Amino acid sequence: MKITTRNLPWKDKKLKKFEIKNEKIRVILLTIGGILAGFVNGFLGTGGGILLVFALALTAKGESTPDSVRDRFATVIAVIIILSAVSVIFYGKTADMGAASPYIIPGMLGGAAGALLLDKINVKWLKRIFAIMVLWAGICFLR
């Protein structure tokens, strides 16, 4: 069953207010979200993906299905690869690749495992895991 703003009565009024029907406005908002994500990723080295997840969720076209939520996460990963590559080019002179090297292969293995599990995890739990990671990252950065 597809979940739409029409069959979520407790959220219907809230979501309908924010539903963006004009395609030009959606593109502008996604462009602004992309610029902000790139800036945050380049400036802080992290966080651009979080902004993209929110931007894609806010500009979703009316329906939210488990597949569309998973597609958003996968899309964000594809964009972050490129954003991270651009950041590495600019950070290249100051980045310590020796310090990064122990994380590259395990990170690739973890990324593959996460991608394989993405379709097997209930979207409800995926959102919860994401929220916990955002909170944890925020708390760690405040220290």
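Rules used in this analysis
Residues numbered from 1 in each chain as written. Predicted model: local features only at pLDDT ≥ 70, side-chain atom pairs only at ≥ 80, totals over all residues. Heavy atoms only, no water. Helix = DSSP H or I, 4+ residues; strand = E, 2+ residues; numbered from the N terminus. Polar contact = N/O pair within 3.5 Å; in protein donor to acceptor, adjacent residues only side chain to side chain. Core = buried A, V, L, I, M, F, W, Y, C linked by side-chain atoms within 4.5 Å. Buried < 20%, exposed > 50% of the residue type's maximum accessible area, 1.4 Å probe, protein only. Contact = heavy atoms within 4.5 Å. Expected span 1.5 Å × (residues − 1). Phe/Tyr/Trp six-rings, centres within 6.5 Å; stacked < 30°, edge-to-face > 60°.

(A) Up close: the environment of Arg70. With respect to the helices, strands and loops of the structure, Arg70 is situated in helix α4 (residues 66-91). Considered as a pair, Arg70 and Leu126 are 56 residues apart in the sequence and their alpha carbons are 8.6 Å apart. One polar contact links the side chain of Arg70 to the main-chain carbonyl oxygen of Leu118, over a distance of 2.8 Å.

(B) Structural context of the nonpolar core. In this structure, Ala37, Leu52, Val53, Val69, Phe73, Val76, Ile80, Leu83, Leu118, Val123 and Leu126 together form the largest nonpolar core, which totals 11 residues. Elements supplying a minimum of two residues to this core: α3 (48-58), α4 and α6 (123-142). For this core, the element with the highest residue contribution is α4, accounting for 5 residues. In this view, Val53 contacts Phe73, Val76 and Phe130; residues no more than four positions away in its chain are not counted.

(C) Region of the structure containing helix α2 (residues 23-44). Taking 1.5 Å of rise per residue, 22 residues should cover 32 Å, and α2 covers 31 Å from first to last C-alpha, within 8% of that figure. In this structure, the buried residues of α2 make contact with α3 and α4.

(D) The arrangement of the packing of aromatic side chains in detail. Across all of its chains, the model carries 3 aromatic pairs by this definition. Ring geometry for Phe39 against Phe43: centres 5.3 Å apart, planes inclined by 10°, an arrangement best described as stacked. Here Phe39 and its partner Phe43 are both found in helix α2, 4 residues apart, which amounts to about one turn of the helix. In this pair, the class of Phe39 matches that of Phe43, namely exposed. Taking the centre distance of 6.2 Å and the plane angle of 75° together, the rings of Phe54 and Phe130 count as edge-to-face. Of this pair, Phe54 sits in helix α3 while Phe130 sits in helix α6; the two residues are 76 residues apart in sequence, bridging distant segments of the chain. Residue Phe54 is classed as partly exposed on the basis of its relative accessible area, which comes to 42%.

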